[in-house]
Amino acid sequence: MKTKKDILNLEGIHLSFGGVQALSGMDLDIRRDEILAIIGPNGSGKTSILNSISGFYRPQKGNIYFQEKRINDLKPSKIAAMGIARTFQNLALYTGLSTVDNLLAGRHIKMKQSFLSGLFYFGLALRSEVEHRRQVEYIMDFLELQPYRHQYVGILPYGVRKRVELGRALAMEPKVLLLDEPMAGMNMEEKEDMARFVLDIREAKWESVIKESPAIVLVEHEMDVVMDISDRVVTLDWGKKIAEGTPDEIKEDPAVIKAYLGA
Amino acid sequence: MKGRPCGVFDIRYSQDMAILRTKTHWALFILFLVSLFVVPTFLNGHILSLGVIIGTTMISMFGVQIMIGYTYQITLGHAGFVGFGAYVSALLMHHLGWNFFFALPMAGLGAALYGLIIGTSSLRCKGLYMVIPTISSHFIFFYLANEVFRKWTYGSDGIECGMPVLFGFAFDSDLRYFYLVAVISVLLGIVAKNLVRTKTGRAFVAIRDNDIAAEVMGIDIFRYKLLSFAIGNFYAGIGGALWGHYVGYINTEFFPILDSVYYAAFCVVGGLGSIMGAVFAAFFWRLLGEGINYVAPLLDAILPMSAGNIISSMGLIIFAVLTILFLIFEPRGIAHRWELFKQSYRLHPFNY
């Protein structure tokens, strides 16, 4: 059901690869002010949803609306420019750039400078570089990344890289933030940090960087985290939505228990 | 980690981003510029001509660096693009009587346009596979110069390149031409450095390191790949035109396919992903070639049974062996060593 509160609507998405139905008839509404978690067993289509939203996969049927505008046929870079940012399950950072440059590269769509003005590093280009640097420093401050400012991302530890990736997505000033397993492979402390960051993104005052907090879509296997921080949970199995509701409802849902325990 | 001179603290972001950070840096930079103009007056023609060739190679090498080092579009047709630029300016001056200083940018733009056409293949290929279209581009260049536009280029007879004249001042001596090349290569070097540390350069590196993430992060990959091609070949064209007008006569044999391989190989030796790497690459290539030109005849004289084979093969062997050794022992090139040296110099005497 499309309502004014929704920022992103998926209607009847069919996505198949040859004979494999990755998503069949998927409906999903994402509200402006929520943390929506998508859970499900391996291969249930969680990442396929994210890939479809960011334009990386092309669903054969169905519509994706972002702020009531159809985005199915747009290029991934155009979709990103509209305000949909994401992180990846397997890190996809620019390893040859430093942390600060990774975040600045995330601000690519926000930078108005033309390539000609970049040739001469004063005046317009310098002012814009400094301005964007200030924004990036704010994000690095928020994510506690300052110690790694000038280090190449390729040599950073895994947990920090995950944070850099979150920072790069935040640098785009997104309206929707798609997080693909942000806690995968992390230890307890790093997980707690990451959960805190995700909550803070919703609640923090972002006056200087982000005017409005983004809606967050969280794909995660870490059940205790999901149940604790999300407002709404959607459960998938075999490319279909089998349950939707608050964390407490999902915990009790027989279909979910069946999907997970195979009983 | 960016090392910085001891006791220097940044108060503003612009200071942190500056290349010339301290008074010492500025002093060294000014000293470099002054010596660039004073020292040549004491040098003989042979060394000056070597300097000119290093300068023109350096300009072309900036292009290779932007294409391979920053965007990872491996080009094995760079000598073709260099030749394309040389031909464009030679033709414009020879047939239309243009002034060199109008023909030179046109050489760059012409090569850039040619690069754009070749670069459209980057929509489907990336990385190593770009070798195929770029090698083809080299042969297309031969075909264009020797067959299609034979009427104007005189085919394999070659074409004369006019002399640069600016307001009645002719760049006719080695010294004058050296100054011309020095100014242009320093300017283009600064421009290249600025390019790679602003929005465009970050987009290039983003595409190099992870093109899928780059696209999802809002970078129009195809556009930036084409831009990288255009800029890289602009540099090639400028370098080629400057070289052609120095030599005074060009035909397609001056731009062999082997040179394209050298451009790519020495770019690796100099250090990928660093503008300084292009500078080192140009020096390394041309100085090594000069050394071989000097040593090989001596060796031939000492070893009578070689019958001139050393002269023809020594360069090839040494270039190949050095490239392999660099790939094994310092794949990040001379530029990386230079960074390490600067680091330890700044920390000296506390090398921890």
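Reference entry: report on the structure contained in this document. (Residues numbered from 1 in each chain as written. Chains lettered and ligands numbered in written order. Predicted model: local features only at pLDDT ≥ 70, side-chain atom pairs only at ≥ 80, totals over all residues.)

### Thoughts on the overall build of chain B
Now for step 1: A tally of regular secondary structure across chain B gives 15 helices and 4 strands.
Now for step 2: The principal-axis extents of the C-alpha atoms in chain B amount to approximately 60 × 55 × 50 Å.
Now for step 3: Per-residue burial for chain B yields a buried fraction of 44% across its 352 residues.
Now for step 4: Across chain B, contacts joining residues at least 24 apart in sequence account for 76% of those joining residues at least 6 apart. (Helix = DSSP H or I, 4+ residues; strand = E, 2+ residues; numbered from the N terminus. Buried ≥ 20, exposed ≤ 12 C-beta atoms within 10 Å, placed from the backbone. Contact = placed C-beta atoms within 7 Å.)

### Some words on the overall build of chain A
Now for step 1: Within chain A, the regular secondary structure consists of 10 helices and 10 strands.
Now for step 2: Its C-alpha atoms give chain A a radius of gyration of 19 Å, near enough to 18 Å, the size a compact globule of 263 residues would have.
Now for step 3: In terms of principal-axis extent, the alpha carbons of chain A reach across some 65 × 40 × 35 Å. (Rg over C-alpha atoms; globule rule 2.2 N^0.38 Å.)

### What about the interface of chain B and chain A?
Now for step 1: Each partner contributes to the interface: chain B provides 28 residues, whereas chain A provides 37 residues.
Now for step 2: Residue assignment for the side of chain B that touches chain A shows that the elements contributing at least two residues are helix H1 (13-17), helix H8 (174-196), helix H9 (199-209) and helix H10 (211-216) of chain B.
Now for step 3: Grouping the amino acids of the side of chain B that touches chain A by side-chain chemistry returns 14 nonpolar, 7 polar and 7 charged. (Nonpolar A, V, L, I, M, F, W, Y, C, P; charged D, E, K, R; others polar.)

### Describing the packing of helix H3 (residues 45-70) of chain B against H8(B)
Residues and elements named next belong to chain B.
Now for step 1: Remark: H3 packs on H8, axes separated minimally by 9 Å, with the N-to-C direction vectors making an angle of 20 degrees. Of the possible angle classes, the one that applies to H3 and H8 is roughly parallel. As for the relative orientation of H3 and H8, their crossing is left-handed in sense. When H3 is examined against H8, the residues Gly45, Leu48, Ser49, Gly51, Val52, Gly55, Thr56, Met58, Ile59, Phe62, Ile66 and Tyr70 are found in contact with a partner set consisting of Asp174, Leu175, Tyr177, Phe178, Val181, Ala182, Ile184, Ser185, Leu188, Gly189, Ala192 and Val196.
Now for step 2: Here the residues of the contact of H3 with H8 are counted per class, giving 16 nonpolar, 7 polar and 1 charged. (Axes fitted to C-alpha atoms, helices over the stretch in contact; angles between N-to-C directions. Parallel < 35°, antiparallel > 145°, perpendicular 65-115°, else oblique. Left-handed = near helix turned anticlockwise from the far one by under 90°.)

### Remarks on the nonpolar core
Now for step 1: With 162 residues, the main nonpolar core has Leu218(A), Phe62(B), Cys267(B) and Ala278(B) as its most contacted residues.
Now for step 2: The biggest single contributor to this core is helix H11 (residues 221-247) of chain B, with 14 residues.
Now for step 3: Those residues within four positions of Phe62(B) in sequence are excluded, and the remaining contacts are Leu188(B), Gly189(B), Ala192(B), Tyr235(B), Ile275(B) and Ala278(B). (Core = buried A, V, L, I, M, F, W, Y, C linked by C-beta atoms within 7 Å.)

### Section: the sheet that holds strand S4 (residues 61-66) of chain A
Residues and elements named next belong to chain A.
Now for step 1: The 4 strands lie next to each other as S2-S1-S4-S5, forming an open sheet whose pairing is antiparallel. Unpaired on one side and paired on the other, strand S2 (20-31) and strand S5 (69-70) mark the two borders of the sheet.
Now for step 2: The pairing of strand S1 (residues 6-17) with S2 spans 8 bridges and is antiparallel. What sits directly across from Leu15, in S2, is Leu23.
Now for step 3: In the packing of helix H1 (residues 46-53) onto the sheet, the strands contacted are S1, S2 and S4, and the crossing angle to S2 comes to about 70 degrees. (Pairing = 2+ DSSP bridges.)

### As for the packing of helix H4 (residues 78-96) of chain B against H11(B)
Residues and elements named next belong to chain B.
Now for step 1: One way to put it is that H4 packs onto H11 with a least axis distance of 7 Å and a crossing angle of 60 degrees. Put simply, H4 runs oblique to H11. Between H4 and H11 lies a crossing whose hand is right-handed. Of the residues in H11, those touching H4 at His78, Phe81, Val82, Gly83, Phe84, Gly85, Ala86, Val88, Ser89 and Ala90 are Asn233, Ala236, Gly237, Ile238, Gly239, Gly240, Ala241, Trp243, Gly244 and His245.
Now for step 2: Of the residues belonging to the contact of H4 with H11, the class tally is 10 nonpolar, 10 polar and no charged.

### Things to note about the environment of Arg197(B)
Residues and elements named next belong to chain B.
Now for step 1: Along the chain, the position of Arg197 falls in the loop between H8 and H9.
Now for step 2: The partly exposed category is assigned to Arg197, around which 19 C-beta atoms lie within 10 Å.
Now for step 3: Each C-alpha atom, one on Arg197 and one on Met17, is 9.2 Å from the other, the two residues being 180 residues apart in sequence.

### Looking at H3(B)
Residues and elements named next belong to chain B.
Now for step 1: Its 26 residues give H3 an end-to-end C-alpha distance of 36 Å, which sits within 8% of 38 Å, the value for a rise of 1.5 Å per residue.
Now for step 2: Taken as a whole, H3 carries its principal kink of about 30 degrees at Val64.
Now for step 3: In terms of burial, H3 is largely enclosed, as 21 of its 26 residues are buried.
Now for step 4: Backbone geometry just after H3 places Tyr72 at a positive phi near 55 degrees. (Expected span 1.5 Å × (residues − 1). Bend = angle between axes of the 7 residues up to and from the residue.)

### Digging into the sheet that holds strand S10 (residues 240-245) of chain A
Hydrogen bonding along the main chain pairs the strands of a sheet, whether they run parallel or antiparallel.
All names here are of chain A.
Now for step 1: Strand order across the open sheet formed by 6 strands is S6-S7-S8-S3-S9-S10, with mixed pairing between neighbours. What marks the edges here is a single partner per strand, and that holds for strand S6 (84-86) and S10. Taken over all neighbouring pairs, the strand axes of this sheet differ in orientation by 20 degrees on average, direction set aside.
Now for step 2: Summarising the sheet, strand S3 (residues 35-39) and strand S9 (residues 232-237) pair through 4 bridges and their orientation is parallel.

### Quick notes on the pairing of S1(A)
Residues and elements named next belong to chain A.
Now for step 1: Connecting S1 to the next strand, S2, in antiparallel fashion are 2 residues, including Gly18 with a positive phi near 60 degrees.
Now for step 2: Across 5 bridges, the pairing between S1 and S4 is antiparallel. Among the inter-strand pairings, Leu8 is bridged to a residue of S4, identified as Phe66.

### Some words on helix H5 (residues 124-142) of chain A
Residues and elements named next belong to chain A.
Now for step 1: The end-to-end C-alpha distance of H5, which contains 19 residues, comes to 28 Å, matching closely the 27 Å that a straight helix rising 1.5 Å per residue would cover.
Now for step 2: Looking at H5, one finds that the buried residues are Ala125, Leu126, Glu129, His132, Arg133, Val136, Ile139 and Met140. For H5, the angular spread of the buried residues around the axis is 135 degrees, confining them to a single face. Exposed residues pointing more than 90 degrees away from the buried face of H5 are listed as Arg127, Arg134 and Asp141.
Now for step 3: Just past H5, the residue Glu144 takes up positive phi, approximately 55 degrees. (Arc of directions from axis to C-beta.)

### Quick notes on the pairing of S9(A)
Residue and element names in this part refer to chain A.
Now for step 1: Where S9 and S10 come together, 5 bridges link them in antiparallel fashion. The residue bridging Val234 from the neighbouring strand is Glu244, located in S10.
Now for step 2: Connecting the antiparallel pair S9 and S10 is a turn made up of 2 residues, with Trp238 showing a positive phi of about 50 degrees.

### Things to note about the environment of Leu109(B)
Residues and elements named next belong to chain B.
Now for step 1: Mapped onto the fold, Leu109 is located in helix H5 (residues 100-119).
Now for step 2: Judged by local crowding, Leu109 falls into the partly exposed class, with 17 C-beta atoms found within 10 Å.
Now for step 3: C-alpha of Leu109 to C-alpha of Ala230: the two residues are 121 residues apart in sequence and 8.2 Å apart in space.

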